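Architecture at a glance
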Amino acid sequence: MEKITALITGATSGIGAAYAERFAKEGYNLILTGRRAAILNGRAEQIHQHYGVIVDTVLVELSNEAGIDELIQRIGNRPLDVLVNNAGFGASRLLYQQDLDIQLAMVAVHVSAPVKLIHAVLPGMVARKKGIIINISSESALLPFPKNCIYSGTKAFVKTFSEGLHLDLMGTGVQVQVVCPGLTRTDFHEKMGMEKSRQRNRGMLKWMIPEEVVDISLRDLRKNKVVCIPGNHTKMLVKMLGLLPRNSYYRFVHKFTGKKFSQSA
Ligand SMILES: NC(=O)c1ccc[n+]([C@@H]2O[C@H](COP(=O)([O-])OP(=O)(O)OC[C@H]3O[C@@H](n4cnc5c(N)ncnc54)[C@H](OP(=O)(O)O)[C@@H]3O)[C@@H](O)[C@H]2O)c1
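Read on for an overview of the structure. (Residues numbered from 1 in each chain as written. Predicted model: local features only at pLDDT ≥ 70, side-chain atom pairs only at ≥ 80, totals over all residues. Heavy atoms only, no water.)

Concerning the nonpolar core
Core analysis: the biggest nonpolar cluster contains 31 residues, and Ile 8, Tyr 19, Phe 23, Leu 30, Leu 32 and Ile 134 have the highest contact counts within it. Of all elements in the fold, only strand E1 (5-8), helix H1 (14-25), strand E2 (29-34), helix H2 (37-51), strand E4 (82-85), strand E5 (131-136) and helix H7 (210-222) reach the threshold of two or more residues within this core. If one sorts the elements of this core by residue count, H1 sits on top with 6 residues. In this structure, Leu 30 is in contact with Ala 6, Ile 8, Ala 20, Phe 23, Ala 24, Ile 47, Ile 54, Val 55 and Asp 56, ignoring residues within four places of it in sequence. (Core = buried A, V, L, I, M, F, W, Y, C linked by side-chain atoms within 4.5 Å. Buried < 20%, exposed > 50% of the residue type's maximum accessible area, 1.4 Å probe, protein only. Helix = DSSP H or I, 4+ residues; strand = E, 2+ residues; numbered from the N terminus. Contact = heavy atoms within 4.5 Å.)

Written out as structure tokens, the structure reads:
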């Protein structure tokens, strides 16, 4: 059987881990990246035992050039069928009140790493006339929120970049998808200090699980949908708020987020 390989960045937990499971189930060998060694290696072993596929792990920091280059070196000439640019993190602070290094690290992880990885793997995919690139953006790309300007900005880059890339690759056999999830129960929010008990549905704000996000992404991929917004509630929110004149949107979001996001919070 032909060996097929998927590289998934940020597969330690959450959405990346769910992609890893799904691609392993479909028979892909995996290259998984992350930083929490024990969790990532444990997951790799579990997937290998369960699905019989080869799972390599690369422990790598993607916020600096050296880390990204190391990953590209580790891939070497190995042909990749799927690349999921998923690694990412949030930082809910005002730009001028947060360490600039953290904000620039976010730009590197969300923007530089995917661009460099895609640049490295595309020649092979185009030559083989097949490949899948999935980039994880966010609903924040479409609906910017207070205390998230770098996060929203980098995720907006991911969305527009992916659509441009899709246009460039039409007819080559390489498929591009950008996924814009809404609130999803992963380690993401806990890492920002939000306890799991606070991750409750509230009106239009509903939490999904990573497996649902991945199911919808792969279903949309089969339909050749380039922009995937998982969950009808998220689609509805994006549509409704997108209809508002921009100044009304800003006032609405400012009021809605209230004290929690005020400058004195
Ligand atoms: N959860 C949500 O509500 C939500 C909504 C919209 C979009 N997203 C996006 O979904 C993607 C996956 O996040 P998740 O929710 O699944 O969160 P998660 O469970 O925290 O997973 C994030 C993954 O990214 C890796 N990562 C983070 N910073 C990194 C860095 N500097 N260098 C290398 N790897 C790094 C983490 O590695 P380690 O943990 O091993 O350090 C982890 O494997 C992110 O791009 C996020 O922006 C999430």
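What about the packing of H1 against H2?
Relative to each other, H1 and H2 sit at 20°, their axes nearing to 10 Å. It follows that H1 is roughly parallel to H2 by the angle criterion. Seen from above, H1 lies across H2 with right-handed handedness. Contacts between H1 and H2 pair Ala 17, Ala 20, Glu 21, Ala 24 and Lys 25 from the former with Arg 43, Ile 47 and Tyr 51 from the latter. (Axes fitted to C-alpha atoms, helices over the stretch in contact; angles between N-to-C directions. Parallel < 35°, antiparallel > 145°, perpendicular 65-115°, else oblique. Left-handed = near helix turned anticlockwise from the far one by under 90°.)

Looking at empty space enclosed by the protein
Summed over all chains, the structure comprises 4 cavities of 30 Å³ or more. By volume, the largest cavity is sized at about 50 Å³. Every residue lining the largest cavity is listed: Asn 85, Asn 86, Ala 87, Val 109, His 110, Pro 114, Asn 135, Ile 136, Lys 155 and Val 158. Listed by contribution, the elements that provide at least two residues to the lining of the largest cavity are helix H4 (100-128), E5 and helix H5 (149-169). Top element by residues in the lining of the largest cavity is H4. It accounts for 3 residues. (1 Å grid on protein atoms, 1.4 Å probe; cavity = no way out; pocket = protein on both sides within 12 Å on 5 of 7 lines; lining within 4 Å. Points joined across faces, edges and corners; volume = space filled by probe spheres on them.)

Some thoughts on the pattern of salt bridges
Pairing between side chains becomes possible if they bear opposite charge and their charged atoms approach one another. Across all of its chains, the model carries 12 salt bridges by this definition. The closest approach of N and O atoms between Glu 190 and Lys 196, which form a salt bridge, is 2.9 Å. Looking at Glu 190, the relative accessible area reads 39%, which means it is partly exposed. Its relative accessible area of 40% is what places Lys 196 among the partly exposed residues. Put simply, Asp 220 and Arg 219 hold a salt bridge, and the shortest N to O gap is 3.5 Å. Overall, the relative accessible area of 1% leaves Asp 220 in the buried class. (Salt bridge = Lys/Arg side-chain N within 4 Å of Asp/Glu carboxyl O.)

A short note on H5
With 21 residues, H5 should cover 30 Å at 1.5 Å per step; its first-to-last C-alpha distance of 30 Å lies within 8% of that length. Within the span of H5, buried status applies to Tyr 151, Ser 152, Thr 154, Lys 155, Val 158, Lys 159, Ser 162, Leu 165 and Leu 169. Following H5 by one or two positions, Gly 171 has its phi on the positive side, about 90°. (Expected span 1.5 Å × (residues − 1).)

Let's talk about the site of the ligand
As a structural note, the neighbourhood of the ligand is formed by 31 residues, with Thr 12, Ser 13, Glu 61, Tyr 151 and Thr 186 the closest of them. Contact distances for the ligand include 2.9 Å between an oxygen atom and a side-chain N or O atom of Lys 155. The greatest single-element share of the shell around the ligand, amounting to 3 residues, is contributed by helix H6 (residues 188-191). A per-class count over the shell around the ligand returns 12 nonpolar, 13 polar and 6 charged. (Near = heavy atom within 4 Å. Polar contact = N/O pair within 3.5 Å; in protein donor to acceptor, adjacent residues only side chain to side chain. Nonpolar A, V, L, I, M, F, W, Y, C, P; charged D, E, K, R; others polar.)

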